[in-house]
Amino acid sequence: MKEQLEAIQAEALDKIKQATDLKELQDIKVTYLGKKGSLTSVLRGMGKLSKEERPVVGEIANKVRESITGEIEQKSEVLEQAALEEQLEKEALDVTLPGRPVQLGGAHLLTSIVEEIEDLFIGMGFEVREGPEVETDYYNFEALNLPKGHPARDMQDTFYITNELLLRTHTSPVQARTMLQYKGKQGVKMICPGKVYRRDTDDATHSHQFTQIEGLYVDENVRMSDLKGTLDRFAKKMFGQTREIRLRPSFFPFTEPSVEMDISCKVCNGEGCSVCKQSGWIEILGGGMVHPRVLEMAGYDSKKYTGFAFGMGPERIAMLKYGIDDIRQFYTNDVRFLSQYHHAKGGTM
Ligand code: PHE
């Protein structure tokens, strides 16, 4: 029996040595140590042994079992380690490979330019206001000294919704709305960016919907020189310290006197070229001193209060600043165009 046990041990240890995976090892365990395993069946025959032989054989059998169990454990650790290493190798990541570039988005050029203009005026003490795009005829026209039938209404072809409701043609109604909120009792210093609508046929310089930024400063002793100083500062910050401005007489029903402001052409430095149509100057906004009737209608005593107002188109400002020649570029949203301006102020995420 002793020889039998030793043969089993030798055979088992040899198989364990040759095993190449955990499944095989498990099978070996069952073959030798399992309920129907060969060691077990030898042990079953121990009943036939004499009293003296039994403990001797028992001890040998235990040793054989221990040695097989121990070898299986050791081998299974070796195999597990090998399997882990193989898996690690297979799934290895090359961290030195360059990653796939992530396409970063950015603010739309129009958003950037509006924010830049806002920052500039906030720095001069203006607050930022908003007003409705669907506006009443009253605020869009009448409160701005443009009664029904006034010929200057034709300057702004209007999308009417009903007789009294329309899509605002400019941001000027926010002048009246803001002044009414202040109830004629204190000064107003605000800008208002927003969308406006006109019945224009879209082309390189016209769009049925575009953006305006309104400015309004009403207080005691606000003068034309304040308007000029404010706009000069704006132009120099926006277009460079060497830009000059010039105010030309113009007409708006809600300002008196009214002006249009030009900046000196940066392409030719005032000499005259095709960009400025040989004049050396480029028109960028309209403005003037708030008409006394507009102040009165909004509840301000026009003997005590005076003010200036202006309105500009940020698309036009961006076009001049970046040499863009078609206003439709702002609305067709071609990323190849827009991504060129992600470096513009406020344009990074
Ligand atoms: N609202 C005028 C326009 O749209 C611009 C403007 C604003 C002029 C304020 C004077 C004062 O053309």
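So, a few notes on the structure that sits alongside this text.

The rules we used
Residues numbered from 1 in each chain as written. Predicted model: local features only at pLDDT ≥ 70, side-chain atom pairs only at ≥ 80, totals over all residues. Heavy atoms only, no water. Helix = DSSP H or I, 4+ residues; strand = E, 2+ residues; numbered from the N terminus. Rg over C-alpha atoms; globule rule 2.2 N^0.38 Å. Areas by Shrake-Rupley, 256 points an atom, 1.4 Å probe, with all protein chains shown as cover. Lys, Arg positive; Asp, Glu negative; His and termini not counted. Charge placed at Lys NZ, Arg CZ, Asp CG, Glu CD. Patch = residues over 30% accessible without salt bridge, like charges linked within 9 Å, V, L, I, M, F, W, Y side chains within 5 Å. Salt bridge = Lys/Arg side-chain N within 4 Å of Asp/Glu carboxyl O. Core = buried A, V, L, I, M, F, W, Y, C linked by side-chain atoms within 4.5 Å. Buried < 20%, exposed > 50% of the residue type's maximum accessible area, 1.4 Å probe, protein only. Contact = heavy atoms within 4.5 Å. 1 Å grid on protein atoms, 1.4 Å probe; cavity = no way out; pocket = protein on both sides within 12 Å on 5 of 7 lines; lining within 4 Å. Points joined across faces, edges and corners; volume = space filled by probe spheres on them. Pairing = 2+ DSSP bridges. Axes fitted to C-alpha atoms, helices over the stretch in contact; angles between N-to-C directions. Near = heavy atom within 4 Å. Polar contact = N/O pair within 3.5 Å; in protein donor to acceptor, adjacent residues only side chain to side chain. Sits in = over half its atoms within 2 Å of the grid points. Nonpolar A, V, L, I, M, F, W, Y, C, P; charged D, E, K, R; others polar.

### Some details on the overall build of the protein chain
In step 1: If you tally the helices and strands in the protein chain, you get 11 helices and nine strands.
In step 2: For the protein chain, the C-alpha radius of gyration of 44 Å lies well beyond 20 Å, the compact-globule estimate for 349 residues.
In step 3: Projecting the C-alpha coordinates of the protein chain onto the three principal axes gives extents of approximately 135 × 50 × 35 Å.
In step 4: Only carbon and sulfur atoms are counted for the fraction: they give 51% of the accessible area of the protein chain, which is about 19900 Å².
In step 5: On the protein chain, the mean spot of the 45 positive side-chain charges and the mean spot of the 53 negative ones are 3 Å from each other.

### So, a nonpolar patch on the surface
In step 1: Together, Val134, Ile161 and Leu165 make up a nonpolar patch on the protein surface, roughly 230 Å² of accessible area in all.
In step 2: Positionally, isoleucine 161 belongs in the loop between helix 6 (137-140) and strand 3 (165-167).

### A look at the nonpolar core
In step 1: Residues Phe121, Phe234, Ile284, Phe310 and Met312 are the most contacted members of the largest nonpolar core, which totals 43 residues.
In step 2: Breaking this core down by element, the ones donating at least two residues are helix 5 (109-122), helix 8 (224-239), strand 7 (255-264), strand 8 (281-290), strand 9 (305-312), helix 10 (314-322) and helix 11 (335-338).
In step 3: Apart from the residues lying within four places of it in its own chain, the contact partners of phenylalanine 234 are Ile117, Leu120, Phe121, Met124, Ile284, Leu285, Met312 and Ile317.
In step 4: One finds Leu166, Val218, Tyr305 and Ala309 within the second-largest nonpolar core, a separate group that totals 22 residues.

### Details of the layout of surface pockets
In step 1: The volume enclosed by the largest pocket comes to roughly 1400 Å³.
In step 2: Glu283, Ile284, Leu285, Gly313 and Arg316 are, among the 50 residues lining the largest pocket, the residues nearest its centre.
In step 3: By residue number, the principal contributor to the lining of the largest pocket is strand 8, which donates seven residues.

### Some points on the environment of isoleucine 317
In step 1: Topologically, isoleucine 317 is positioned in helix 10.
In step 2: Considering only alpha carbons, one finds isoleucine 317 and threonine 178, 139 residues apart in sequence, at a separation of 25 Å.
In step 3: Those residues in contact with isoleucine 317 that lie beyond four places of it in its chain are Ile117, Phe234, Met238, Phe239, Ile284 and Met312.

### Looking at the pattern of salt bridges
Where side chains of opposite charge bring their charged atoms close, a pairing between them can arise.
In step 1: The full count for this structure, using the stated rule, is 16 salt bridges.
In step 2: A salt bridge links glutamate 127 to arginine 129; the nearest nitrogen and oxygen atoms lie 3.6 Å apart.
In step 3: Taking the relative accessible area as the measure of exposure, arginine 129 reaches 18% and is therefore buried.
In step 4: Lysine 148 is paired through a salt bridge with glutamate 164; the nearest N and O atoms lie 3.1 Å apart. Linking lysine 148 in the loop between helix 6 and strand 3 with glutamate 164 in the loop between helix 6 and strand 3, this pair joins segments that are 16 residues apart in sequence.
In step 5: The class of glutamate 164 is partly exposed, set by a relative accessible area of 43%.
In step 6: Each member of the salt-bridge network shares a partner with another, and the members are Asp137, Glu142, Lys148, Arg153 and Glu164.

### Looking at the sheet that holds strand 5 (residues 209-220)
In step 1: Taken in spatial order, the seven strands line up as 1-4-5-9-8-7-6 in an open sheet, and their pairing is mixed. With one partner strand each, in any of the chains shown, strand 1 (127-128) and strand 6 (245-252) form the two edges of the open sheet.
In step 2: Each of strand 1, strand 4 (188-197), strand 5 and strand 9 is contacted by helix 7 (residues 173-182), which is oriented at about 145 degrees to strand 4, the strand it contacts most.

### Comments concerning the pairing of strand 7
In step 1: Counting buried residues along strand 7, eight of its 10 residues qualify, which places the element largely inside the surrounding structure.
In step 2: Relative to strand 7, strand 6 is paired through seven bridges, and the arrangement is antiparallel. Bridge assignment links arginine 248 to a residue of strand 7, and that residue is glutamate 260.
In step 3: Linking strand 6 back to strand 7 in an antiparallel pair, the connection comprises two residues.

### A few points about the site of the ligand
In step 1: Near the ligand lie 15 residues; those nearest to it are His170, Ser172, Arg198, Gln212 and Glu214.
In step 2: Contact distances for the ligand include 3.0 Å between a nitrogen atom and a side-chain N or O atom of histidine 170.
In step 3: Here an oxygen atom of the ligand and a side-chain polar atom of glutamine 212 are 2.9 Å apart.
In step 4: Protein contacts shield 92% of the accessible area of the ligand, which totals 320 Å² for the unbound molecule.
In step 5: Assessed atom by atom at 2 Å from the grid points, the ligand resides in the largest pocket.
In step 6: Only strand 5, strand 8 and strand 9 provide two or more residues apiece to the shell around the ligand.
In step 7: If one sorts the elements of the shell around the ligand by residue count, strand 9 sits on top with three residues.
In step 8: When the residues that make up the shell around the ligand are grouped by side-chain class, the tally is four nonpolar, nine polar and two charged.

### Looking at the environment of arginine 168
In step 1: Inspection of the secondary structure puts arginine 168 in the loop between strand 3 and helix 7.
In step 2: Measuring from C-alpha to C-alpha, the distance between arginine 168 and glycine 184 comes to 24 Å, with 16 residues separating the pair along the chain.
In step 3: Ignoring anything within four residues of it in the chain, the contact list for arginine 168 reads Gly131, Pro132, Glu133, Glu135, Asn140, Pro173, Val174, Gly194, Lys195, Val196 and Tyr197.
In step 4: From its side chain, arginine 168 meets the backbone oxygen of lysine 195 in a polar contact 2.8 Å long.

### Section: unusual backbone geometry
In step 1: Cis peptide bonds are those with omega within 30 degrees of zero, and the linkage from glutamate 256 to proline 257 qualifies with -5 degrees.
In step 2: Assignment of secondary structure puts proline 257 in strand 7.
In step 3: Of note, glutamine 278 is a non-glycine position whose phi angle comes to about 65 degrees, a positive value.
In step 4: Within the element layout of this structure, glutamine 278 appears in the loop between strand 7 and strand 8.

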